[in-house]
Number of protein chains: 2
Amino acid sequence: MFRINENYLKLGGSYLFSTVGRKAREFQAQHPEVEVISLGIGDVTEPLCPAVIKALHEAVEEMGHAESFHGYAPDLGYVWLRECIAKNDYAARGARITPDEIFVSDGAKSDAGAIQELFSLDARIAVCDPVYPVYVDSNVMAGRTGAFDAETGRYGGVLYMPCRAENGFSPSLPEEAPDVIYLCYPNNPTGMGISKEKLQNWVDYANSSGAVILYDAAYEAYITGDLPHSIYECDGAESCAIELRSFSKNAGFTGTRLGFTVIPKALVRGGVSLHDLWARRHGTRYNGAPYIVQKAGMAVYSEEGKAQIREQIGIYQKNARLIREGLSGAGYTVYGGVDAPYIWLKTPGNMSSWDFFDLLLNQAGVVGTPGSGFGPSGEGYFRLTAFGSPANTEKAVKRIQSL
Amino acid sequence: MFRINENYLKLGGSYLFSTVGRKAREFQAQHPEVEVISLGIGDVTEPLCPAVIKALHEAVEEMGHAESFHGYAPDLGYVWLRECIAKNDYAARGARITPDEIFVSDGAKSDAGAIQELFSLDARIAVCDPVYPVYVDSNVMAGRTGAFDAETGRYGGVLYMPCRAENGFSPSLPEEAPDVIYLCYPNNPTGMGISKEKLQNWVDYANSSGAVILYDAAYEAYITGDLPHSIYECDGAESCAIELRSFSKNAGFTGTRLGFTVIPKALVRGGVSLHDLWARRHGTRYNGAPYIVQKAGMAVYSEEGKAQIREQIGIYQKNARLIREGLSGAGYTVYGGVDAPYIWLKTPGNMSSWDFFDLLLNQAGVVGTPGSGFGPSGEGYFRLTAFGSPANTEKAVKRIQSL
């Protein structure tokens, strides 16, 4: 008799951002006169930059003629894109990553969710708390966790590493040894960065314990200080770390879809190369990112592309500063937003995260994301993103200030 | 201690089409003077049609301006595309599928590989033999099968339903009851269609046994006879069947990536809606197909798009006829190719499929796909695709004829 994968039933009703979106739509329907401003889901608002648009048009034109038409892409992605990534994102930072260690995909979310398929079902995962929900939910769905405990807000079998103001949002090395450690820096949702020294500690810890680090560097373009952009800037990371990267937040590809995952060939466990396993998965379950989108990705690395994207990131960084300083000036305690597009604020008067969400939506028409949606240690915190338009961001800050 | 997902080690060395591609590249490198013609992997050669190119350019232009820019797509895909699919692919054929039962994705391969995640790990799967490798391999990787038995060419725990000339490539209903039945019609790799009456038998069987049918209709556009284009043309299919569809082979999207999966809300097992589970998976693990690609998909359904695509399919259908008649005239026994872009031929003199692959590559410079790569009952057969250019197809047929 057919049985469903009952692990799905352990999950909450819906994905966090689906719930946030639904609540915002419901409010808007009831209050059509309010101009709701979304600083909730981390979605960009600036258009694709001219260099990318030009590359897209050219690639579309190629697809219209038999002699320049492209069918299935190579399993790992086009080599010209992978060479470009290896040079710009790694060699330029002193990290030795070769093009054949790079797997092009349709985005970091897909890869962040799929990467757990390479681990045994009894692998013990450790996550920062609060955390990007995909890391935990994908493991829940695969059956790698116990049930959800409503009292603690935790799934059984998962090692949660609390990140709160008390520890500077920087977790200690876990006492129980995990098999897999998910790290995201600059961090989503707290907006905090990590120093090279601290990241090196994680790498050393993983190399000595045999754990594998999944390093999500989707927000590296927002780093302003002297922080590592890639985990492979640390010594020995190639034997313990997988890195996830995205074009969504640096180049505005949230609706264009492109990302990549790096698995160094030196990452071997139990005599098996994780690179080979991921290659097998790519070959069997994926058919590559669209040719036109990979061409668009190339344009991100052109000289004009780099300049245009730097300018766009500057807009969002200015938004972040505006939110940070505006709310701080209004008496809020705010974190993050310096090396990341996220501002993490303490809810006023110890309000719960969802109560503050409702307050902000109802009284200021501003959508944010409740910190508790990212994990129990996010309770009492709230995330705002810097991805609104400058005008909307300014308006939102003023509305919150006058609450 | 970190352990990998050891189910991956049960798999053969590489995905079938990766092996075929590698062998072809190696031959080409050794024989640069030979003009190798690929009728192997089912990749299209005709360019995207003008209506699609126009839609792509327009969508690219929209992405370049803040007021028409699109970020993250809705979880299920844009409603205008889903409405268009519901109307053209279902309502027009008398099938009642609503837009919110349609999930837009980056292609049928991704969905065919992912759909098994909804089933319990002890679900028993049944597949036609020969079969599109993704169905089996994705279940092997998930741990739903036993080891590979080199002697029988089968994975333990999987119900193989042999399709050979002896039974008209039409499997009988399985004696042991499976939980999940993978069906693909028009069939890849045999190129054979299924009558509505026979498909209705499968639907009735699934409804009476509680099994779920995964129906892959990626090749429906090639149907010439009076055969069902969708399983939902059969009575009661909405309570037992999931349908996978693709834009790759009708509109040439192999390198553009678009597909969709239909899960009717009436498909409930153990009190749980499979539609809800898939929606949860989409929300958690996927971020949608690119806006520009979904716009391109819309153009496929425009009046000019339909006409242009019909013409393109006509080219491939002509190729299929050329191969079928050409090889038949040269004494080969050929099947399929009437309602599908695949020709399935009996290897001459009882050669093994891989021996014939080598012979064809070495002596005719033509790449095909060994039937045994699709399963043990494919041994002694060989697949040729109709997706080459007309000139190349003609050349390939002449070369094979003169072997």
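The residue numbering used here restarts from 1 in each chain and proceeds along that chain's sequence as written. Think of it this way: whatever chain is written first is A, whatever ligand is written first is 1, and the rest follow in order. Where totals are concerned, whole chains, interfaces and linings use all residues; where local detail is concerned, this predicted model gives features only for residues with pLDDT of at least 70, and gives and counts side-chain atom pairs only at 80 or more. Heavy atoms throughout the structure, all of them, feed into the side-chain values; hydrogens and water do not.

So, on to the overall build of chain A. Secondary structure summary: chain A contains twelve helices and 17 strands in total. Taking 2.2 N^0.38 as the reference for a compact globule, 403 residues should give roughly 22 Å; the C-alpha atoms of chain A span a radius of gyration of 21 Å, in line with that estimate. The cut-offs for exposure are 20% and 50% of the maximum accessible area for each residue type, with area from a 1.4 Å probe on protein chains only; residues under the lower value are buried, those over the upper are exposed, and the others partly exposed. Split into buried and exposed, the 403 residues of chain A put 62% on the buried side. Residue contacts follow a heavy-atom distance rule, with two residues in contact if any of their heavy atoms lie within 4.5 Å. Restricting to contacts in chain A with at least 6 residues of sequence separation, those with at least 24 account for 74%. A 1.4 Å probe and the Shrake-Rupley method give the accessible areas. Residues count as covered only by the protein chains that appear here. On chain A, roughly 14,000 Å² of surface is accessible, and the fraction owed to carbon and sulfur atoms is 50%. Within chain A, one finds 36 positive and 46 negative side-chain charges whose respective centroids are separated by 2 Å. Secondary structure counts use DSSP, requiring at least four H or I residues in a row for a helix and at least two E residues in a row for a strand, with both numbered from the N terminus. Only C-alpha atoms enter the radius of gyration, while the globule expectation follows 2.2 Å times N to the 0.38, with N the number of residues. Two residue types count as positive, namely Lys and Arg, and two as negative, namely Asp and Glu; His and chain ends fall outside the count. Where a charge sits is defined by one atom per residue type, namely NZ (Lys), CZ (Arg), CG (Asp) or CD (Glu).

This part covers the domain arrangement of chain A. All names here are of chain A. An automatic or database domain assignment supplies the start and end points of every domain. Segmentation of chain A into domains returns domain 1 (6-47 + 304-401) and domain 2 (53-301). Summarising the inter-unit geometry, the C-alpha centres of domain 1 and domain 2 are found 24 Å apart. Tallying the contact residues gives 38 residues for domain 1 and 51 residues for domain 2. Here the buried area means the combined drop in accessible surface, using a 1.4 Å probe, for two parts upon being joined, counting both sides. When domain 1 packs against domain 2, close to 3,400 Å² is buried across both sides, 58% of that on carbon and sulfur atoms. Contact with domain 2 buries surface across domain 1, with K10, Y15 and D339 losing the most and accounting together for 19% of the total.

Attention shifts here to the interface of chain B and chain A. Across the boundary between the two partners, chain B contributes 80 residues, which contact 80 residues of chain A. Across the chain B to chain A interface the summed buried area is about 6,500 Å²; carbon plus sulfur atoms make up 60%. Should a side-chain nitrogen of Lys or Arg be within 4 Å of a carboxyl oxygen of Asp or Glu, the pair is scored as a salt bridge. Where chain B meets chain A, there are six salt bridges. Taking the shortest distance from any N to any O, the salt bridge between E117 of chain B and R285 of chain A comes out at 2.8 Å. Polar contact is defined as a pair of N or O atoms within 3.5 Å, subject to the rule that within protein one atom must be able to donate a hydrogen and the other to accept it, and that residues adjacent in sequence are counted only when both atoms are side-chain atoms. Inspection of the chain B/chain A interface yields 31 residue pairs in polar contact (both at pLDDT 80 or more). At the level of secondary structure, the elements contributing two or more residues to the side of chain B that touches chain A comprise α2 (50-63), α4 (108-114), α5 (133-142), α8 (274-285) and α9 (291-300) of chain B. With eight residues, the single largest contributor to the side of chain B that touches chain A is α8 of chain B. Polar here means any residue other than Ala, Val, Leu, Ile, Met, Phe, Trp, Tyr, Cys and Pro, which are nonpolar, and Asp, Glu, Lys and Arg, which are charged; Gly is therefore polar. In terms of residue class, the side of chain B that touches chain A is built from 35 nonpolar, 28 polar and 17 charged.

Next up on the list: the relation of the copies chain B and chain A. Of the transformation placing chain B onto chain A, the axial shift is 0.0 Å and the rotation is 180°, giving an RMSD of 0.0 Å. Taken together, the rotation and translation describe the operation of a two-fold axis. The rotation axis passes nearest to the C-alpha of H57 of chain B in chain B, at a distance of 3.0 Å. Of the interface residues in chain B, 100% have counterparts in chain A that sit at the interface too, so the contact is made through matching surfaces. When the copies are superposed, the least-squares fit takes in the C-alpha atoms of residues with a pLDDT of at least 70 in both.

Note that side chains of opposite charge can pair when their charged atoms are close. Under the criterion given, the structure shown has 38 salt bridges over all chains. Between R399 of chain A and E35 of chain A there is a salt bridge; the shortest N-O distance is 3.5 Å. Here the residue R399 of chain A occupies a position in helix α12 (residues 390-401), and E35 of chain A occupies one in the loop between α1 (16-30) and β1 (37-38), the gap between them amounting to 364 residues. The shortest N-O distance in the salt bridge between R245 of chain B and E220 of chain B comes to 3.5 Å. Separated by 25 residues along the polypeptide, R245 of chain B in strand β9 (residues 241-246) and E220 of chain B in the loop between β8 (212-216) and β9 bring together distant segments of the chain. Of the two residues, R245 of chain B and E220 of chain B, both sit in the buried class. Connected through shared salt-bridge partners, E117, R281 and R285 of chain A together with E117, R281 and R285 of chain B make up one network.

Only protein atoms enter the 1 Å grid used here. Points where a 1.4 Å probe fits but cannot escape make up a cavity, open sets with protein on both sides within 12 Å along at least five of seven lines make up a pocket, and a residue lines them when an atom lies within 4 Å of a point. Grid points are joined across faces, edges and corners, and a volume is the space filled by probe spheres set on the points. For the structure on display, the rule yields four cavities of 30 Å³ or more. Within this model, the largest cavity holds a volume of roughly 290 Å³. The wall of the largest cavity is formed by 20 residues, among which S110, R281 and Y286 of chain A together with S110 and R281 of chain B lie closest to the centre. Counting residues per element, the ones that place at least two in the lining of the largest cavity are α4 (108-114) and α8 (274-285) of chain A together with α4 and α8 of chain B. Class assignment for the residues of the lining of the largest cavity results in six nonpolar, six polar and eight charged. Contributing to the lining of the second largest cavity are D106, R257, Y286, G288 and P290 of chain A together with D106, R257, Y286, G288 and P290 of chain B. The residue inventory of the lining of the second largest cavity, partitioned by class, reads four nonpolar, two polar and four charged.

All names here are of chain A. By the alternation rule, side chains of strand β10 (residues 259-262) split into G259 and T261 and F260 and V262, which are all buried. Any two strands are treated as partners once DSSP identifies two or more bridges connecting them. Judged from the four bridges that link them, strand β2 (residues 102-105) and β10 form a sheet pairing that is antiparallel. Looking at β10, one finds that S105 is bridged to G259.

To continue, consider helix α3 (residues 79-90) of chain A. Residue and element names in this part refer to chain A. One less than the residue count of a helix, multiplied by 1.5 Å, gives the span that helix is expected to have. Between its first and last C-alpha atoms α3 spans 15 Å; for twelve residues at 1.5 Å apiece the expected length is 16 Å, and the two agree. Among the residues of α3, L81, R82, C84, I85, A86, N88, D89 and Y90 are the ones counted as buried. Elements in contact with the buried residues of α3: β2, β9 (241-246), β10, α9 (291-300) and α10 (303-329).

Glancing now at the environment of S120 of chain B. Topologically, S120 of chain B is positioned in the loop between α4 and β3 (125-129). With 58 residues separating them in the primary sequence, S120 of chain B and E62 of chain B have C-alpha atoms 43 Å apart. Contacts of S120 of chain B, omitting those with residues within four sequence positions, involve R3, I4 and N5 of chain A together with R144 of chain B.

This part is about the packing of aromatic side chains. The pairing test for Phe, Tyr and Trp rings, Trp by its six-membered ring, is centres within 6.5 Å, and the orientation test on the planes gives stacked under 30 degrees, edge-to-face over 60, and tilted for anything in between. The final tally for this structure, using the stated rule, is 50 aromatic pairs over all chains. Taken together, a centroid distance of 6.3 Å and an interplanar angle of 90° make the contact between W202 of chain A and Y205 of chain A edge-to-face. With a gap of three residues between them, W202 of chain A and Y205 of chain A both fall in helix α6 (residues 196-209), about one helical turn apart. Side by side, W202 of chain A and Y205 of chain A carry an identical accessibility label, which is buried. With centroids separated by 5.0 Å and ring planes inclined at 70°, the aromatic side chains of W354 of chain B and F357 of chain B adopt a geometry described as edge-to-face. One end of the pair, W354 of chain B, and the other, F357 of chain B, are both in helix α11 (residues 353-364), three residues apart, so they sit about a helical turn from each other. Among the aromatic residues, ring-to-ring pairing joins F17, F169, Y335, W344, F374 and Y381 of chain A into one connected group. The ring centre of W80 of chain A lies 4.6 Å from the NZ or CZ of K295 of chain A, which sits over that ring. When the ring centre of Y381 of chain B is taken as reference, the NZ or CZ atom of K346 of chain B above it lies at 4.8 Å. When the NZ atom of lysine or the CZ atom of arginine is within 6 Å of a ring's centre and also within 35 degrees of its normal, the charge is said to sit over that ring.

Residue and element names in this part refer to chain B. If you walk across this open sheet you meet the seven strands as β2-β10-β9-β8-β7-β3-β6, and the pairing is mixed. Only two strands of the sheet have a single neighbouring strand rather than two, namely β2 (102-105) and β6 (159-162). Each adjacent strand pair in this sheet contributes to an overall mean axis angle of 20°, direction not counted. Where helices are involved, their axes are fitted lines through C-alpha atoms of the stretch in contact, as for all axes, and angles between N-to-C directions lie from 0 to 180°.

So, on to the environment of V366 of chain B. Residues and elements named next belong to chain B. The topology assignment puts V366 in strand β15 (residues 366-367). Considered as a pair, V366 and I37 are 329 residues apart in the sequence and their alpha carbons are 4.9 Å apart. Those residues in contact with V366 that sit more than four places away from it in its chain are I37, L39, L360, L361, A396, R399 and I400.

So, about the confidence of the model for chain A. For chain A, the average pLDDT comes to 96, and 100% of its residues sit at 70 or higher. Here the complex is predicted with pTM 0.96, and the ipTM for its interfaces comes to 0.96. pLDDT is a residue-level measure of predictor confidence that goes from 0 to 100.

Quick look at the sheet that holds strand β17 (residues 381-385) of chain A now. Strand order in the open sheet made by the four strands is β13-β14-β17-β16 (chain A), with antiparallel pairing throughout. Of all the strands in the sheet, the pair left with one neighbour each is β13 (334-336) and β16 (369-370) of chain A.

So, about the side chain of D129 of chain B. All names here are of chain B. Along the polypeptide, D129 turns up in strand β3. R154 is the oppositely charged side chain nearest to the buried, salt-bridge-free D129, at an N-O distance of 4.2 Å. A polar atom in the side chain of D129 sits 2.6 Å from the side chain of S377. Here D129 is in contact with R154, Y160, M161, P162, C163, F374, G375, P376, S377 and G378, once residues within four sequence places are set aside.

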